[in-house]
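Residues per chain, in single letters:
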Amino acid sequence: MKWEIIHRTSYAYASPVHNSFNEARLQPFSDEWQTVDYFLLKVLPAARLRHHHDFYSNVVHHFEIVEPHNTLMVESNLRVTTKARPLLALDATLFSLSRISEAAREPRVFDFLQESRFVDLSPEVWRFALDATDGITDTWQAALALMGFVHGTLKYEPNSTTAHTHAREVLRDKRGVCQDFAHVLIGLCRVLKIPALYVSGYLATEAASATHAWVEVLIPGVGWRPLDPTHNREADENYVKIAVGRDYSDVAPVTGTYKGTTERKMEVNVKIERLNG
Amino acid sequence: MSDSFDKKNGRDKTQMFQSQTQSSIGEGSADKKAQPSPTGLLANCFASDTAFDEVRADDGKVRPHYVKLFGALEDFSTVELRRRSESCERLVNEQGIAYNVYGDPRGMERLWQLDPIPFVIAQDEWRALETGLIQRATLLNKILADCYGAQELIHSRWLSPAMVFGQPDFLRPCHGIKVPGDSFLHFYAADLVRSPDGRWWVISDRTQIPTGAGYALANRLVTSRIFPEPFRDNNVQRLAGFFRDAQKSLARLSPRGADNARVVMLTPGPHNETYFEQAYLARYLGYMLVEGQDLTVRDNSVWLKTLSGLERVDVILRRVDDDFCDPLELRNDSILGVPGLVEAVRAGNVVMANALGCGLVQSPAFMSFLPGLCEHILGEDLKLPSVATWWCGQKDARKYVLENLDKLVVKSAFRTHLRTPEAGKPLSDEESEDLRRRIEFDPDLFVAQERIELSAAPSWEKNLLVAKPVGLRVFLVTTEKGFSVMPGGLTRVAPDVSGRFISMQRDSSSKDTWIPSETAAADVSLLNTSAQSVELRRTGNNLPSRLADNFFWLGRYSERADATARLLRSALRLFNPERTSGAQPLLAPLLQTLETQGQLPGISKKPELRQNAEAFEAELLAAIFDPSRPGSLRQTADHLQRLAMLVRDRTSNDMWRVLSQLNDRLATPTASLVILSGDAVGVLNQTLMGLAAFHGLARENMTRAQAWRFLDMGLRLERAVYLCTLLDATLRSPEAENPSVLEAVLEVVDSSITFRSRYNLLATVPAVFDLVLLDDKNPRSVLFQINQLAKHFEKLPKEREDAPGSGKNLLAKCAARLNQTDPRELASPRGTWTNSELSKTIRETMRALPEISNAIAANYFAHASISRTGRGSES
């Protein structure tokens, strides 16, 4: 499937700010399941862009705006082709849960088994995970059960949380948005030693087109499988993946520091269009 | 040493514990030749039975490498030794060698403890140590290069992922950054101790910010001066070569070539525990000492903000922990760093020394892996062993640690603020159980190390030598030909005889470290002797605006102290205890001025004070000595010393010394203010002498560059303020025309002699005010201050806008007004002085002065205004 996406983030400051240094993680991956056909990043006031790949191989753009400015606009324009991938059977048994600690042998998996900024591995999380997987012996089945638990327990409620809400609070208040659903599922997987990472991306639905967040879990012998706890399903070709990390803090689309007022307004606009062909 | 463990220690990759069976470096028994038995000095200086004695061999004779030193010391009488140890203390004091102790409420600095008796290491033993240290530094650098690059060691399972990724010191944003020559570790330091069998062990590696080389140098300068004879006779190897290597090595890192490299030293600021060392080294090496706020990133390069604009920076010698260096990519709560710095490093436009991320291998957990890694990476045995270390992240090691908890020292494996037992204190059953549980719950976070009984060396204590436990910190720097070792180091001495652990944060002392050689040591100096031509520079227009700010206030406070001392001295002298009834008319203008300036708040509203001689005197004394009283001379002196510390790397040692003495003098009388006013006058006289010395040094010894200019501007402005206040108070006083009142004014402003040489008559208002207000030849007149300020403005970079509120315009207006005042018209006042034109002129000048000060701050110290850093991120 072909997608055309425009993603604009605008900041308006109450008084001019200066010395603004920023990172943007907006350019999607190209991998087996998706190809980026076109990507353009615009910044206003105009700034020179540099980029590098971060520790998780995400593309990071850097820009600095030293002169005083009242507004900042960061806009990405892209076209992506996604491929349909075979979904796993919902009743498949793939890897024994009792052997899951072997997954930790892969060096780069380490980060996806630890606590991170928004995800803790407390005894409480552990109890939830055990209860939700009672009697399950397969890793894939366990991951599906945990996703079902998150979907069934949390209420999707826009604006009930912020970008900096910790999974602990989400589990306590039992509500949140896609980012919170993903954080809770990540914690539940990690306490059971199932490697889990955070994915930021786009999802076009009939209702709206917006940025989205979901989870990938590692099933040894099979690979990383994308699970969307917000919709309780495996992600398919309707999902466009931008960046991955331990949690939201590793993949924030635009992040930076500047000097000046903290009083500001932010607006995000995303337009996703499915192209024919 | 844990033999049971060594036997299990094969070449198995999964069991890479510290090997202890390999050959180690240490004293053999080669030195048991016949030596004179120690008498006199060393007669009662014994190490404990179990510890290694640094000076005496088993047979009781002095070890050969100590023979010359103690031969010389024995020649001195006890009196002479005492004299030299006193001069050691004095030199430390005078150089202001200090170490900041966190959490010390009074006084940021604590004086450095230097034991005059040097620590000596035999040359052949030192050579072996050198080889071992170079190997170790090379190894650690290669481990760093791998962890921040290919990560082969992790993929091939020589290192477990938890060892690297589990550490807060592994900086993910720095992975993949290319550094010149794959050199991460430019400076390295190690802490060594000697066990009872005479072997040396590394107890900690310093790779994040290896501190101490500056203290070693400072110790050397003092010790070589108090013991010049043995220093010369031992042919002690010089330290300067090490620092020259460091300079060359840092210059070579510059992306723009070594010839024009600008190297700066990045400091966390004066509150840091080793700030003295940073300022000391920066000056010795010729680098500017900067804080994060002095630097900025433009177009992926780092620039220094100076008064005359931005200047490119090529190499940053950092004393800021790497995770604090960039709030954008590293810790975003850091206010010590420079946003965008990591990207500038990534772009290759600036080089950090040590590289960002070097703290990784400082973790004691690495020690248990080094023997295996050394063989794997370098194909050699590890020459210098680490103290036996067990990382609880490994199953077998954990089991051993839990079984031997009482015999080991448990430490936190990574740089986290873990609660670990105080080293050297036996654990109660409860504590031991708690520790056991915590290790079992999160084993990766703990290491345990063997306890080593430290060797002992003689230490000077109240006229005799006492053997005290010692440890040695050694320093390496990378050069074109690999690592080079400083011939010497920082020997640290435990505070008491039974001490086993040494930390500079506690009460330990230090020693110079001597490596004698057979031939006379070559003189090396930091002067560049190579043939390349040096670009001559006459200007030093590179003053960071933060420092300009500090110099300005240094000037203001030094003059404030001067004025306060003069006013209080005159007040004390003129105060007549016999005249308790009625006012003290002579004092009125002085007291009014002291009230306005804040030294005697509300004195005019307390007429009863003037009735009571004792209470009044106490009030004056409090204005001098009371440290808790705002505006007291004592407080002003405190401010002065604090400011002097902030500009420490830009002022001479003499200036620093003068100001510290000033403070000491005022600090002597304690809380109970039982001082005679006669004594107080003496103290004030000394204070004024000290300030005169300070101003003299500033005038004669500082080049007429920006630092001096801001210092002088502060001084002129402050002097103008207090002159105007005093003159205004005089005119308002009911006895303004009383010649005695005017004489008092002349005395305060140090113009009595000039007045008498000009006028052979009693003081009158016109004559006095002409001299003190309008005479542009009198360095203590108001107009003189205004003219000097205007001259400084001419020489400074242009003010940002030519608005009517600019400093230049304000000064021009003041000068015009004063110049228009005709002194002859002063002679005939209509009505009272209070409403005269003269009084109006003075008051207008007084109003303009704070505006001038604000204009200076707004134009030249603008960056100092607090700007908030907000972190933006999308939801």
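Conventions adopted
Residues numbered from 1 in each chain as written. Chains lettered and ligands numbered in written order. Predicted model: local features only at pLDDT ≥ 70, side-chain atom pairs only at ≥ 80, totals over all residues. Helix = DSSP H or I, 4+ residues; strand = E, 2+ residues; numbered from the N terminus. Buried ≥ 20, exposed ≤ 12 C-beta atoms within 10 Å, placed from the backbone. Pairing = 2+ DSSP bridges. Contact = placed C-beta atoms within 7 Å. Nonpolar A, V, L, I, M, F, W, Y, C, P; charged D, E, K, R; others polar. Core = buried A, V, L, I, M, F, W, Y, C linked by C-beta atoms within 7 Å. Domains from an automatic or database assignment. pLDDT = per-residue confidence, 0-100. Axes fitted to C-alpha atoms, helices over the stretch in contact; angles between N-to-C directions. Parallel < 35°, antiparallel > 145°, perpendicular 65-115°, else oblique. Left-handed = near helix turned anticlockwise from the far one by under 90°.

K.L.:
Can you explain the overall build of chain B? Please cite residues and give values.
P.N.:
Across its full length, chain B carries 28 helices and 22 strands. The 875 residues of chain B split such that 48% are buried.

K.L.:
Any chance you could break down the sheet that holds strand 12 (residues 239-245) of chain A for me, citing the residues and the numbers?
P.N.:
All names here are of chain A. Reading across from one edge, 11-10-9-8-12 is the order of the five strands in this open sheet, with antiparallel pairing throughout. In the strand order of this sheet, the two ends are held by strand 11 (233-234) and strand 12, each with one partner. Where strand 8 (residues 196-204) meets strand 12, six bridges bridge the pair, whose relative direction is antiparallel. Across the sheet, residue Y198 finds its bridge partner in strand 12, namely G245.

K.L.:
Explain the interface of chain A and chain B to me, using residue names and the numbers behind them.
P.N.:
With 28 residues of chain A in contact, the opposing surface of chain B contributes 28 residues. Secondary structure elements with two or more residues in the side of chain A that touches chain B: strand 1 (2-24), strand 3 (50-53), strand 4 (59-65), strand 13 (254-259) and strand 14 (264-275) of chain A. Its residues placed into classes, the side of chain A that touches chain B shows 13 nonpolar, nine polar and six charged.

K.L.:
An account of the nonpolar core is needed here, citing residue identities and associated values.
P.N.:
Residue and element names in this part refer to chain B. Ranked by internal contacts, the top residues of the largest apolar core, which has 158 residues, are L144, V264, V302 and V474. The dominant element in this core, judged by the number of residues it contributes, is helix 4 (residues 123-147), at nine residues. Here this core spans two domains, and each of domain 1 (119-175 + 182-189 + 206-362) and domain 2 (388-450) adds at least three residues to it. Not counting chain neighbours up to four residues away, the residues in contact with V264 comprise Y287, M288, V290, L304, V313 and I316.

K.L.:
Give me the lowdown on the confidence of the model for chain B, citing residues and values where you can.
P.N.:
One rule of thumb: low pLDDT means the predicted coordinates there are not for detailed reading. Residues and elements named next belong to chain B. Per-residue pLDDT for chain B averages 82, and the proportion of residues at 70 or more is 83%. Across residues 102-107 the pLDDT falls below 50, and counting only partners more than four positions away or on other chains, this stretch makes two contacts in the model. Segment residues 863-875 is flagged for pLDDT under 50; beyond a separation of four residues in sequence, or across chains, it makes 31 contacts in the model.

K.L.:
A description of the packing of helix 22 (residues 706-732) of chain B against helix 26 (residues 782-795) of chain B should follow, citing residues and the corresponding values.
P.N.:
Residues and elements named next belong to chain B. Interaxial distance between helix 22 and helix 26 falls to 9 Å at its minimum, and their mutual angle equals 155°. When the axes of helix 22 and helix 26 are compared, the pair comes out roughly antiparallel. The handedness of the crossing between helix 22 and helix 26 is left-handed. Contacts between helix 22 and helix 26 involve R709, D712, M713, R716, L717, R719, A720, L723 and C724 from the first element and V782, Q785, I786, Q788, L789, H792 and K795 from the second. Grouping the amino acids of the contact of helix 22 with helix 26 by side-chain chemistry returns eight nonpolar, three polar and five charged.

K.L.:
How would you explain the pairing of strand 10 (residues 309-313) of chain B if you had to name every residue and give the values?
P.N.:
One ladder, built from five bridges, connects strand 9 (residues 301-306) of chain B with strand 10 of chain B; its direction is antiparallel. What sits directly across from W303(B), in strand 10 of chain B, is R312(B).

K.L.:
Now, about unusual backbone geometry: what can you tell me, with residues and values included?
P.N.:
Among all residues save glycine, negative phi is the norm, and among peptide bonds the norm is trans. Put simply, L44(A) and P45(A) share a cis peptide bond, and its omega is 0°. Cis geometry marks the peptide bond from A353(B) to N354(B); its omega dihedral reads -10°. Tracing the backbone through its elements, the reader meets N354(B) in the loop between strand 12 (351-353) and helix 12 (370-378). In the Ramachandran plot, S57(A) falls in the positive-phi region, its phi being about 70° despite a non-glycine side chain. The topology assignment puts S57(A) in the loop between strand 3 and strand 4. A tally of 11 C-beta atoms within 10 Å means that S57(A) is categorised as exposed. Notably, N300(B) is not glycine yet its phi reads approximately 65°, a positive angle. With respect to the secondary-structure elements, N300(B) resides in the loop between strand 8 (295-298) and strand 9. In this structure N300(B) comes out as partly exposed when scored by C-beta crowding, with 19 C-beta atoms within 10 Å.

K.L.:
If you had to explain the environment of V297(B) to someone new, which residues and values would you point to?
P.N.:
Along the chain, V297(B) falls in strand 8. Overall, V297(B) belongs to the buried group, with 25 C-beta atoms counted inside 10 Å. Put simply, V297(B) and R312(B) are 15 residues apart on the chain and 9.6 Å apart in space, counted from C-alpha to C-alpha. Apart from residues lying up to four places away in sequence, V297(B) is in contact with F21(A), E64(A), V302(B), V338(B), P339(B), G340(B), L341(B) and A344(B).

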